[in-house]
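Read off the chains here:
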Amino acid sequence: MRCYVWIFLLVHSSTTISNVTEYSCGSLIGDPRFCLNFTGLGYRSPPDGFNITNRLILRNNEIQMIKISDFVNQAMLRYLDLTENRITYVDVKSLDRLSELHQIQLSKNPYNCDLLACPLKSWILKRSTIVVDAMEVKCRTPLSMEGREVINIPDSICRNNSNNNSFQINTGPDSTVIGVCVVLGLVMISVAAVSIRMRALRGQHVVLNHGNMVLRRRDNPSDQQGSLARATALAAMGI
C-alpha cells in the first residue's frame, strides 16, 4: 500500500524536477526530490517542500523561526536537519503534522527559553526517541538560561502556560464582573436616595393633628428668634 502512495505523490507533484536536481542527495524512482540538501544557501525560512521528499537537510542557513505554515507540503518527510541556523522559536504545530518523521536534529540554534519555549520542551520530551540531539538543544537567552538544555527549562517558567501551545487574550468583559458592577451600581443608587430623603427630613418635624402624623417644616433658629421678637413687640403695644 505504501508503494502506491509513493507512486501517486510522484505522478501528482506539480513542481518540476530540473530546478532541484543540483540539491539532490538521493532519488526514488529517478526523482531527485526524494532527498534534498539545502545546506548553506542562506535561507531565512524553510523553502516550500514536496510531498515526495523523504529527507530534508537545512543545515547552516539563516532560519530564525519555524512557523506553523512551514512544512505544510511535506507529509512524507522522515528525516529533518535544522542544525546550525538562527532559530529562536519553534511552533511545534508545524512539526506535529509530520506524522512520518523518524529523525530530527535541532541543535546549535540560539533558542530563547522564555514561556514561548515551553511547548518545544514538551514536544522534545514526548519524542525523545526521534530528536537525536535532544541534549544539545540549548538556550541562548535570557542570560540566566544560557547553556541550559531546552528540556530542562524550569517548571516555574512553564507553569503559567496553561494551554502549553498557544496564548489567548480576553478582550471582552467577564460576565461575573458585569454582574458585580450592576449590583454595586444599584446599591449606590439606593444609598444616594436614602441620603437625599434624610436631608429633606432634617428641615421638618413631626406633629400630631387629630391623631394623624403630619410633617411640618422645621424653622431655622434665626427664624424662631425673629418670631419671638415680633411677638414681644406686639405684646408691648397691647396688641
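Please read these numbers as outputs of a predicted model, since none were measured by experiment.

1. Some remarks on the pattern of salt bridges
- Evaluation of the coordinates by the stated rule reveals seven salt bridges.
- One salt bridge connects Arg127 with Asp96, and the closest N-O pair in it is separated by 3.2 Å. Taken together, the residues span a long stretch of sequence, with Arg127 in the loop between helix 3 (118-126) and strand 9 (139-141) and Asp96 in helix 2 (residues 93-96) at a distance of 31 residues.
- We classify Arg127 as partly exposed; its relative accessible area is 27%.
- A salt bridge links Lys121 to Asp155; the nearest nitrogen and oxygen atoms lie 3.1 Å apart.

2. Focus: the packing of aromatic side chains
- A full pass over the atoms with the stated rule returns one aromatic pair.
- On the numbers, 5.6 Å between centres and 75 degrees between planes, the contact of Phe38 with Tyr43 is edge-to-face.
- Owing to a relative accessible area of 6%, Phe38 belongs among the buried residues under this scheme.
- According to the relative accessible area criterion, Tyr43 is partly exposed, its value standing at 27%.
- The ring of Phe50 carries Arg33 above its face, with NZ or CZ at 5.4 Å from the centroid.

3. Comments concerning helix 3
- Of all the positions in helix 3, only Cys118, Pro119, Leu120, Lys121, Trp123 and Ile124 are classed as buried.
- Buried residues belonging to helix 3 abut strand 6 (89-90), helix 2, strand 7 (103-105), strand 8 (111-112) and helix 4 (155-158).

4. Focus: the state of the cysteines
- As enumerated under the stated definition, the model contains two disulfides in all.
- Disulfide partner of Cys113: Cys139, at an S-S distance of 1.9 Å. Its S-S torsion of approximately -95 degrees makes the covalent link between Cys113 and Cys139 left-handed. Placement of the pair is Cys113 in the loop between strand 8 and helix 3 and Cys139 in strand 9, with a sequence separation of 26 residues. The residues Cys113 and Cys139 share a single accessibility class, namely buried.
- Here Cys118 is linked by a disulfide to Cys158, with a sulfur-sulfur distance of 2.1 Å. Measuring the twist about the S-S bond at about -90 degrees, one finds the Cys118-Cys158 disulfide to be left-handed. Residue Cys118 is found in helix 3, and its partner Cys158 is found in helix 4; the two are separated by 40 residues along the sequence. Each member of the pair, Cys118 as well as Cys158, is classed as buried.

Rules used in this analysis
Residues numbered from 1 in each chain as written. Predicted model: local features only at pLDDT ≥ 70, side-chain atom pairs only at ≥ 80, totals over all residues. Heavy atoms only, no water. Salt bridge = Lys/Arg side-chain N within 4 Å of Asp/Glu carboxyl O. Helix = DSSP H or I, 4+ residues; strand = E, 2+ residues; numbered from the N terminus. Buried < 20%, exposed > 50% of the residue type's maximum accessible area, 1.4 Å probe, protein only. Phe/Tyr/Trp six-rings, centres within 6.5 Å; stacked < 30°, edge-to-face > 60°. Lys NZ or Arg CZ within 6 Å of the ring centre and 35° of its normal. Contact = heavy atoms within 4.5 Å. Disulfide = S-S within 2.5 Å.

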